[in-house]
Each structure stands twice: as C-alpha cells, then as structure tokens.
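Now for the letters of each chain:
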Amino acid sequence: AKSAGRNQIAFFEGNMQTEVEHRLTLERDLAKALEQNELQMVMQAQVNYAGVAVGAELLMRWHSKERGMVSPAIFISLAEESGLIVKLGDWVLSEACNILKSLQLEGHHFPLSINVSPKQFRQKDFVDKVTATLAAQEISGKNLIFEVTEGLFIDNLQETIARMSKLSALGIRFSIDDFGTGYSSLNYLKRLPLYELKIDKSFVQDIPGDANGTAIVGSILSMAKQFGLKVVAEGVETEEQANYLIANDCDSMQGFLYSRPTAPDVWMANQIQVKAQ
Ligand code: C2E
Ligand code: CA
Ligand code: CA
Ligand code: CA
C-alpha cells in the first residue's frame, strides 16, 4: 500500500510537469502566431427584433499550423495570464479599424464590438494608443464598442471611471460583457459611463424552460431599462429564446440562430442579410 501511494505521488508530479511544459510551448507558439499570420478576427452579427444586423462582435481565432484550431477559451486565458493579451489586444484594435473601414466602403454603417481585457485597459498609454489607432485609420470612436467584464470594476474604480470618460469623449461606447456572472456589486452601474449590458449565454440558454434563469434575464432587462442601458443577449440559439427576448424588449440578439462567427470578407461578399425569424 505504501509503495502504491508513492507511485501515485510520482504520477501526479509527472502529470504536473507535462502540464507546465504544455503551457510553455503553447505560450511560445501563441507569441509567434501574430507574426506568422495565424490569428484572424471573425464577425458575429447582432440583430434587432426584425432580424436586421445592427452591429457585430469581433472574435479572435487562432488557426495554428501545428495544432489546428485552438479554442479562445484556452488561448485567451493563457494570453491574459502571461500578459501577451496586451499585444494581441493592440492588434485586435487595429484590425477592428481596418474592418470598419471596409464595412463602411461596402455601405454597412453599424458599430463593431471588441473584447477589451482588463490588462489591456489598464496599460498606462491605453487611451493614447486608441487615439492613435483611430487617427491612423481615420475612424471615429463612434463606430466602436468596447466590451469589458465586471472584473475591471473590482479595484481602482476612480481611475477606471476617469479612463472610461476619456474614451467616451472619443465616441467609444462601453458594454458590460458576461453581465451577472462576475462578483462585483451593482453599485458601479450608476457611476460608470455605460451604454449597454450583454446577457451571458449561460442565462440565455435557460430561456424559457428554467424559471430561475428566465427570471434573471427578465430582471436584467428591466433593470437595464431603468438605467437607460441597451441590452444585447448572447448565445441565442432557438426561436423560443428569441421570442421571449423580443417580447421583453431586448434591443438586440446575437447567436447561432442568426449567424455563426464569420470571416469579415465572407460577411461582406455575401452581404449577409440576417432574416427575421
Ligand atoms: P464572449 O466575449 O462571451 O463571446 C461569446 C462567445 O460565445 C464566443 O465564443 C462565441 O463564438 C460564442 N457564441 C456565439 N453565439 C453562440 C451561440 O449561439 N451558442 C453558443 N453556445 N455559443 C455562441 P468564442 O469565440 O469561443 O470566444 C470565447 C471567449 O474568448 C469570448 O467570450 C471572449 O471572452 C474571449 N475572446 C474572444 N475573442 C477575443 C478578443 O479578441 N479579445 C479578448 N480579450 N477576448 C476574446
Ligand atoms: Ca464578448
Ligand atoms: Ca459570454
Ligand atoms: Ca467574455
């Protein structure tokens, strides 16, 4: 029994070793992915009650030559831990401006939403970088929505508000992503310059069968209305979900029911007309 126990310990240590090695090589490959053009942004439509696209979210994809598609759930969290997310985030911002330019040339005039991670937002020169990127591509901040998570509001709220105000002055709007899944209090809602709340797909997927989940979605919608905030529901997959959201005045819907995340050139080539359900 004693030796079996010892083997077990060795087994776990061996596992942890490969785990660490695996992370390090993944991190190294991700750092090279940008230079090797393995990263790409895809677009997912946000549609209104009539099925008309009123916006789109840009999502990052890593198509590794060696590994194939790597899930954002894996590489984004790795990039957040290692700090690489700052460099990736800079790239996303300039890609977003490029894509906006092409969209506008094709006659699509709606804002693009990008995910901004707390580390990226907290860089000292973030506002300057955003200003410079917009200027370089002659894009107005009015066309950009920054999706941030509640984690951003946990510390240094004063500083965060000041920075958000500077970005708001450029026309940039703020959306709280994964709303309701974080740990922060609702107190910040009245203090921040916010435009929109995004209902996380974990809540949307409970509509209409699960009473608690449906109640959460209903509460978010009515609270947003009282605060004068727009609401986007993410992860909308069924007509039942869409019907409930529309009946309860949700401003826009995003999900596989309407569109898969698609390469921007395909988006534009097909002039995707999202149909009313
Ligand atoms: P998120 O911001 O909450 O994005 C929504 C996720 O839901 C995306 O996953 C999207 O592909 C997926 N989705 C969209 N519609 C549906 C649906 O109808 N059903 C289901 N089940 N899922 C749907 P994705 O693309 O794998 O991204 C995962 C997370 O990675 C994102 O969650 C976001 O937090 C992060 N992420 C992705 N791109 C970026 C980026 O450019 N920068 C940063 N900082 N984070 C990113
Ligand atoms: Ca998002
Ligand atoms: Ca989410
Ligand atoms: Ca998220």
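Keep in mind the model is a prediction, meaning the values are calculated, not measured. (Residues numbered from 1 in each chain as written. Chains lettered and ligands numbered in written order. Predicted model: local features only at pLDDT ≥ 70, side-chain atom pairs only at ≥ 80, totals over all residues. Heavy atoms only, no water.)

*Asks:* I'm lost on the overall build of the chain in this one. Help?
*Replies:* Of the regular secondary structure elements, the chain holds 10 helices and 9 strands. On C-alpha atoms alone, the chain measures out to a radius of gyration of 21 Å, which is about the 19 Å that the 2.2 N^0.38 rule sets for 277 residues. Here the C-alpha coordinates of the chain stretch approximately 65 × 50 × 45 Å along the principal axes. Here the chain, with 277 residues, has 45% of them falling under the buried criterion. Carbon and sulfur atoms make up 53% of the accessible area of the chain, which amounts to about 14100 Å² in all. If the 26 positive side-chain charges of the chain are averaged to one point and the 34 negative ones to another, these points end up 4 Å apart. (Helix = DSSP H or I, 4+ residues; strand = E, 2+ residues; numbered from the N terminus. Rg over C-alpha atoms; globule rule 2.2 N^0.38 Å. Buried < 20%, exposed > 50% of the residue type's maximum accessible area, 1.4 Å probe, protein only. Areas by Shrake-Rupley, 256 points an atom, 1.4 Å probe, with all protein chains shown as cover. Lys, Arg positive; Asp, Glu negative; His and termini not counted. Charge placed at Lys NZ, Arg CZ, Asp CG, Glu CD.)

*Asks:* What am I meant to see in the site of ligand 1 here?
*Replies:* Within the structure, ligand 1 sits among 23 residues, and Q44, R61, K201, E237 and F256 are positioned closest to it. In the model, an oxygen atom of ligand 1 is placed 2.8 Å from a nitrogen or oxygen of the R61 side chain. The side chain of N115 places a nitrogen or oxygen atom 3.1 Å from an oxygen atom of ligand 1. Expressed as a share of its isolated accessible area of 800 Å², the protein-covered part of ligand 1 is 83%. Listing elements by their share of the shell around ligand 1, those giving two or more residues are β1 (39–47), β2 (53–64), α2 (72–82), α3 (85–105) and β6 (173–179). The element best represented in the shell around ligand 1 is β2, accounting for 4 residues. Residues belonging to the shell around ligand 1 are distributed by class as follows: 10 nonpolar, 6 polar and 7 charged. (Near = heavy atom within 4 Å. Polar contact = N/O pair within 3.5 Å; in protein donor to acceptor, adjacent residues only side chain to side chain. Nonpolar A, V, L, I, M, F, W, Y, C, P; charged D, E, K, R; others polar.)

*Asks:* Hey, could you run me through the coordination of the calcium ion (ligand 2) in this one?
*Replies:* For a metal with four tetrahedral donors the ideal donor-metal-donor angle is 109.5 degrees, whereas six octahedral donors ideally subtend 90 or 180 degrees. Each protein donor to the calcium ion (ligand 2) is listed here as E57 (OE), N115 (OD1), E147 (OE) and D177 (OD); together their distances run 2.1 to 2.3 Å. Here the donor residues of the calcium ion (ligand 2) are spaced in sequence according to E-x57-N-x31-E-x29-D. Between the calcium ion (ligand 2) and the calcium ion (ligand 3), a spacing of 5.7 Å is present. Of this pair, E57 sits in strand β2 while D177 sits in strand β6; the two residues are 120 residues apart in sequence, bridging distant segments of the chain. Comparing E57 with D177, the two get one shared label, buried. (Donors = N, O, S within 2.8 Å, 3.2 Å for Na, K, Ca; no water.)

*Asks:* What am I meant to see in the side chain of E57 here?
*Replies:* For E57, a relative accessible area of 4% translates into the label buried. At a separation of 2.9 Å, a polar atom in the side chain of E57 contacts the side chain of N115. Here the side chain of E57 touches K198 through a polar contact of 2.8 Å, side chain to side chain.

*Asks:* Is there a simple way to explain the coordination of the calcium ion (ligand 3) in this structure?
*Replies:* Coordination of the calcium ion (ligand 3) by the protein is provided by D178 (OD), D200 (OD), E234 (OE) and E234 (OE), with metal-donor distances spanning 2.0 to 3.0 Å. Read N to C, the donor residues that coordinate the calcium ion (ligand 3) are spaced as D-x21-D-x33-E. For D200, a relative accessible area of 11% corresponds to the buried category.

*Asks:* Help me understand the environment of M253 in this model?
*Replies:* Mapped onto the fold, M253 is located in strand β9 (residues 252–253). The exposure class assigned to M253 is buried, which follows from its relative accessible area of 0%. As a C-alpha pair, M253 and V47 span 206 residues in sequence and 5.3 Å in three-dimensional space. In this structure M253 touches A45, Q46, V47, N48, Y49, A233, V236, L245, I246 and Y258, once residues within four positions along its chain are discounted. (Contact = heavy atoms within 4.5 Å.)

*Asks:* Any chance you could explain the packing of α3 against helix α5 (residues 126–136) here in plain terms?
*Replies:* Packed helix pairs are characterised by how far apart their axes lie and by the angle those axes make with each other. It is the contact of α3 with α5, at a shortest axis distance of 9 Å, that shows an interaxial angle of 30 degrees. Between α3 and α5, the angle falls in the class roughly parallel. As for the relative orientation of α3 and α5, their crossing is right-handed in sense. Across the interface between the two elements, V86, D90, L93, S94 and C97 from α3 touch K129, V130, T133 and L134 from α5. (Axes fitted to C-alpha atoms, helices over the stretch in contact; angles between N-to-C directions. Parallel < 35°, antiparallel > 145°, perpendicular 65-115°, else oblique. Left-handed = near helix turned anticlockwise from the far one by under 90°.)

*Asks:* Looking at this structure, how should I read the pairing of strand β4 (residues 112–115)?
*Replies:* Here 2 bridges tie β2 to β4, and the two strands are oriented parallel to one another. Looking across to β4, one finds that A56 is bridged to L112. Of the strand pairs in this sheet, β4 and strand β5 (residues 144–149) are connected by 4 bridges, and their pairing is parallel. Bridge pairing in β5 places S113 opposite I145. (Pairing = 2+ DSSP bridges.)

*Asks:* For this particular structure, what's the right way to read the side chain of T133?
*Replies:* In this fold, T133 is placed in helix α5. The residues touching T133, leaving out its near neighbours within four places in the chain, are L93, S94 and C97.

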